[in-house]
Amino acid sequence: MADTAKPKGGTARGSASRRRSRKDTALGNEKPETLLDYYRQMLFIRRFEERTGQAYTQARIGGYCHLNLGEEATVVGLMDALQERDYLFTNYRDHGYAIGKGMDPKRVMAELYGRVDGVSKGWGGSMHMYDTQTRMLGGYGIVGGQLPLATGAALAVTYRGGDEVVMCQMGDGTTNIGAWHESLNIAKLWNLPVVFVVINNFTGMGTTVEMSSAEPELYKRGAAFRIEGERVDGRDVLAVRDTATRLVERAREEQTPFLLEAWSYRQKGHSVVDPAKYRTDEQRDEARSEENDPIALFDAKLAKAGILTDDLREEIAASVKAEVTEAADFAENSPKPDVSTLFDYTYATPVPNESRRMPADPVFAE
Amino acid sequence: MSVITYRQALRDTLRAEMVRDENVLVIGEEIGVFEGSYKITEGLLKEFGPRRVKDTPIAEEGFVGAAVGAAMLGLRPVVELMTINFSLIAIDQIINHAAKIYGMFGGQTSVPMVIRTPGGGGQQLGATHSQNIELFYSFIPGLKVMAPSTPAEASSMLRAAIRDDDPVLFLENLGLYNSKGEVPEDYAEPENSNVATIGRAAVTREGSDITLIGYSRMAMVATQVAEKLAEEDISVEVVDLRSLRPLDRQTFVDSVKKTGAAVICEDDWLTYGIGAEIAASIQEGAFDYLDAPVRRVAMAEVPMPYAKPLETAALPSVESISTVIKETLSAVGKRVG
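All figures in this text were calculated on a predicted structure; none of them were measured in a lab.

### Concerning the nonpolar core
One recurring pattern in soluble globular proteins is that nonpolar side chains are buried together.
Thought 1: Residues Phe89(A), Phe196(A), Val79(B), Ile101(B), Met113(B), Phe252(B) and Ile278(B) are the most contacted members of the largest nonpolar core, which totals 85 residues.
Thought 2: Considering every element that reaches this core, the biggest residue donor is helix 6 (residues 146–159) of chain A, with nine residues.
Thought 3: Counting contributing residues, this core receives three or more from each of domain 1 (2–183) and domain 2 (202–331) of chain B.
Thought 4: Not counting residues within four places of it along the chain, the set of residues in contact with Phe89(A) comprises Leu137(A), Gly138(A), Tyr140(A), Gln146(A), Leu149(A), Ala150(A), Ala153(A), Val166(A), Met167(A), Cys168(A), Gln169(A) and Met72(B).
Thought 5: Formed by 63 residues, the second largest nonpolar core is a distinct cluster that contains Ala98(A), Val108(A), Ala110(A) and Ala244(A).

This is the structure in structure tokens:
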């Protein structure tokens, strides 16, 4: 098992900063346009999420709202590892993945606003982004509920002799539920091309990995199912992309599941309304420090290599800002769903004898 | 017409649907090499091979959820859960996922799958293996819940369930597998138009004094009750619900409007049970026609005991249902035999 971001401290119970040492990937022969595209995508998700948080505090967005702030390099690196034909399942922290998989940000924002132009027509909201065309097969709100679905999607792929891969994203807290064990076991037994990706931000809501996992080195936990696991520094978009690409392509060729753990800093609380009081001042500073901010890190790296100039930085920032504003305006102006559509999506095959339509309607027609 | 068992009706129809549609596959515990705990899947592995007949580990959440995911991509999995009691392990995948995916993604993808599962008491299997918990699933919009009582229903309803684009809980009753009934000659033909309409109840026996409503095994018991009371010159109309969601209220309400009285027999527990919903619907739809309060005969509200006399006493019987029917009729001054 490769350990591409080997912890310096060695013990699992050491401080987070000791666990997460850096070993930068070199820019090597990367094309500048590829690097700038990653930079732009990460910045876009950052600004999109900031705008989302703002809209939430203004009560333009309801419900729960879990942001990808701090995890942008992980999102962009993972999404670039997938081919267009590959499928993606995620948990509730799904806005960035939806955009990264190719969904229209305007429609992602409209979904957050609960409008008809939303990707799920306003039926899903923050946790349930879905798009058949880009093969983003859903954000799911029950921790680990998406794991069995992902194995089943991969079963359908192999049943038809296809070569698509299914990526299944989850948080560190997922690795202790029954569906984790059952799904990894079935994926290996049935030779299913699934890459299970654990985003380890070291906190399942407010409970640390050490408090919840008897084996906190999560990438090792595939061993019980003979599933190879790797760990990658989620602050480094190139490292994430390289590792994920390797595993996705091996899953495709070898028709077998893999496990990838990506360390990633969650800059804020679990959701928009969580002030993260369970964090110490030191932990909060650590989560938000420039040293751990994937965009600041990548910015510095590209600037040092002369790829990102001041002018270019401003140009990208301006175009990202304009596009995010456009998405928010689109969402604002999209109509709210008409209540006459309330019964449109209960059954794919309509049922007879649907006597009660609205709550106060009589069960039997006059 | 030919006479076959409920078991054979299920087995032959399942096979016919697999022949008809390459996307139909069977997933479950002991369904392949073992040929099914209750032998519904006998012969399928030999005929269709392990690609289409998938034995699973004992991991209900894992394989039921896998079937949901496969259905999202267009396969039509038929899952066998060894007993409905084990569905509790998979209930997150059934209620939070199978039932919700069509709605919460705004109709972008459906979940065309069937979960076949037997249940019911009377086999001396003790508390955790003698339950009818169809209520949990019948409560959930997005699921369809079917409960056939005869071999003919088992065949036409299983065919409908497999061809339907929504997740269907297909309830079988351990007490029915060996029961026999008439089926059309072509019931096992792959191209068969004998497909039930999901959500239709049926008046299976006409009568004029009282309506007796049941489903699954209790629909069969209801027929026995009607036959016995006919000897005493009491005319019982029997309604077989067949589908618990969607629920065909109109059929039993129309029947009650005709007879003026109703008794409901159910194999589940009384409080909050299916019968409570039926009774409420009768009150809402036929109050002015009722000559007596609607009565319910259900399972005793205890964890099912193992000892035979206790178990027998806990289950509704021809005798207990007959007694309640006579009480209801005498309460309204109708002559009772």
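Moving on from the coordinates now.
### Considering a nonpolar patch on the surface
All names here are of chain A.
Thought 1: The grouping of Val 339, Leu 342 and Met 358 at the surface amounts to a nonpolar patch, some 260 Å² of accessible area in total.
Thought 2: With respect to the element layout, Leu 342 can be found in the segment after helix 12 (310–333).
Thought 3: For Leu 342, a relative accessible area of 38% corresponds to the partly exposed category.

### Observations regarding the interface of chain B and chain A
Thought 1: Facing the 61 residues of chain B at the interface are 49 residues of chain A.
Thought 2: Both faces considered, chain B and chain A share a buried interface measuring about 4,200 Å² in area, 62% of it formed by carbon and sulfur atoms.
Thought 3: Where chain B packs against chain A, one counts zero salt bridges.
Thought 4: Within the residue set of the side of chain B that touches chain A, elements represented by two or more residues are strand 2 (24–28), strand 3 (53–55), helix 3 (60–72), helix 4 (91–98), helix 5 (101–104), helix 9 (249–259) and helix 10 (274–286) of chain B.
Thought 5: For the side of chain B that touches chain A, the leading source of residues is helix 3 of chain B, giving 10 residues.
Thought 6: Partitioning the side of chain B that touches chain A into residue classes produces 23 nonpolar, 21 polar and 17 charged.

### Describing the packing of helix 2 (residues 32–57) of chain A against helix 12 of chain A
Residues and elements named next belong to chain A.
Thought 1: Between helix 2 and helix 12, the least distance of the axes is 9 Å, while the angle of their chain directions is 45 degrees. The angle between the axes of helix 2 and helix 12 places the two elements in the oblique class. Viewed along their axes, helix 2 and helix 12 form a crossing whose handedness is right-handed. Here Leu 36, Tyr 39, Arg 40, Leu 43, Phe 44, Arg 47, Phe 48 and Arg 51 of helix 2 lie close against helix 12, whose contacting residues are Leu 312, Arg 313, Ile 316, Ala 317, Ser 319, Val 320, Glu 323, Val 324, Thr 325, Ala 327 and Ala 328.
Thought 2: Across the contact of helix 2 with helix 12, the residue classes break down as 12 nonpolar, two polar and five charged.

### Considering the pattern of salt bridges
All names here are of chain A.
Thought 1: Enumeration according to the criterion identifies 44 salt bridges over all chains in this entry.
Thought 2: Ionic pairing is found between Arg 252 and Asp 86, a salt bridge with its closest N-O pair at 2.8 Å. On the criterion of sequence distance, the pair formed by Arg 252 in helix 9 (residues 237–254) and Asp 86 in the loop between helix 3 (72–81) and strand 1 (87–90) is long-range, its members being 166 residues apart.
Thought 3: Judged by its relative accessible area of 0%, Asp 86 falls in the buried class.
Thought 4: Residue Lys 106 pairs with Asp 104 through a salt bridge whose shortest N-O separation is 3.7 Å.
Thought 5: Owing to a relative accessible area of 31%, Asp 104 belongs among the partly exposed residues under this scheme.
Thought 6: Within this structure, Glu 217, Lys 220, Arg 231 and Glu 261 form a network of salt bridges that share partners.

### Quick notes on the UniProt feature "domain: Dehydrogenase E1 component" (unreviewed entry) in chain A
Thought 1: Following the UniProt record, one finds the feature "domain: Dehydrogenase E1 component" (unreviewed entry) at residues 41–339 of chain A.
Thought 2: For the annotated span residues 41–339 of chain A, helix accounts for 44% and strand for 12% of the residues, and the straight-line distance between the end C-alpha atoms is 36 Å.

### Describing the domain arrangement of chain B
All names here are of chain B.
Thought 1: When cut into domains, chain B gives domain 1 (2–183) and domain 2 (202–331).
Thought 2: Taken together, the contact pairs 31 residues of domain 1 with 25 residues of domain 2.
Thought 3: Taking both partners together, domain 1 and domain 2 bury about 2,200 Å²; carbon and sulfur atoms supply 56% of that area.
Thought 4: The interface formed by domain 1 and domain 2 includes one salt bridge.
Thought 5: Here Glu 153 and Arg 242 are joined by a salt bridge, their closest N and O atoms 2.7 Å apart.
Thought 6: One can count 18 residue pairs in polar contact (both at pLDDT 80 or more) joining domain 1 with domain 2.
Thought 7: Elements represented by at least two residues in the side of domain 1 that touches domain 2 include exactly helix 6 (134–138), strand 6 (144–146), helix 7 (151–163) and strand 7 (168–173).

### Details of empty space enclosed by the protein
By rolling a water-sized probe across the atoms, one finds the places where empty space is left.
Residue and element names in this part refer to chain B.
Thought 1: The final tally for this structure, using the stated rule, is three cavities of 30 Å³ or more.
Thought 2: For the largest cavity, the calculated volume is near 70 Å³.
Thought 3: Taken together, Ile 84, Gly 119, Asn 132, Glu 134, Ala 147, Leu 171, Glu 172, Asn 173, Tyr 215, Ser 216 and Asp 267 form the lining of the largest cavity.
Thought 4: For the lining of the largest cavity, the element with the highest residue contribution is strand 7, accounting for three residues.
Thought 5: Classifying every residue of the lining of the largest cavity by side-chain character gives four nonpolar, four polar and three charged.
Thought 6: Shared between two domains, the lining of the largest cavity holds at least three residues of each, these being domain 1 (2–183) and domain 2 (202–331).

The rules behind these values
- Residues numbered from 1 in each chain as written.
- Chains lettered and ligands numbered in written order.
- Predicted model: local features only at pLDDT ≥ 70, side-chain atom pairs only at ≥ 80, totals over all residues.
- Heavy atoms only, no water.
- Core = buried A, V, L, I, M, F, W, Y, C linked by side-chain atoms within 4.5 Å.
- Buried < 20%, exposed > 50% of the residue type's maximum accessible area, 1.4 Å probe, protein only.
- Helix = DSSP H or I, 4+ residues; strand = E, 2+ residues; numbered from the N terminus.
- Domains from an automatic or database assignment.
- Contact = heavy atoms within 4.5 Å.
- Patch = residues over 30% accessible without salt bridge, like charges linked within 9 Å, V, L, I, M, F, W, Y side chains within 5 Å.
- Areas by Shrake-Rupley, 256 points an atom, 1.4 Å probe, with all protein chains shown as cover.
- Salt bridge = Lys/Arg side-chain N within 4 Å of Asp/Glu carboxyl O.
- Buried area = accessible area lost by both parts, 1.4 Å probe.
- Nonpolar A, V, L, I, M, F, W, Y, C, P; charged D, E, K, R; others polar.
- Axes fitted to C-alpha atoms, helices over the stretch in contact; angles between N-to-C directions.
- Parallel < 35°, antiparallel > 145°, perpendicular 65-115°, else oblique.
- Left-handed = near helix turned anticlockwise from the far one by under 90°.
- UniProt positions renumbered as here; feature names shortened; annotations may be inferred.
- Polar contact = N/O pair within 3.5 Å; in protein donor to acceptor, adjacent residues only side chain to side chain.
- 1 Å grid on protein atoms, 1.4 Å probe; cavity = no way out; pocket = protein on both sides within 12 Å on 5 of 7 lines; lining within 4 Å.
- Points joined across faces, edges and corners; volume = space filled by probe spheres on them.

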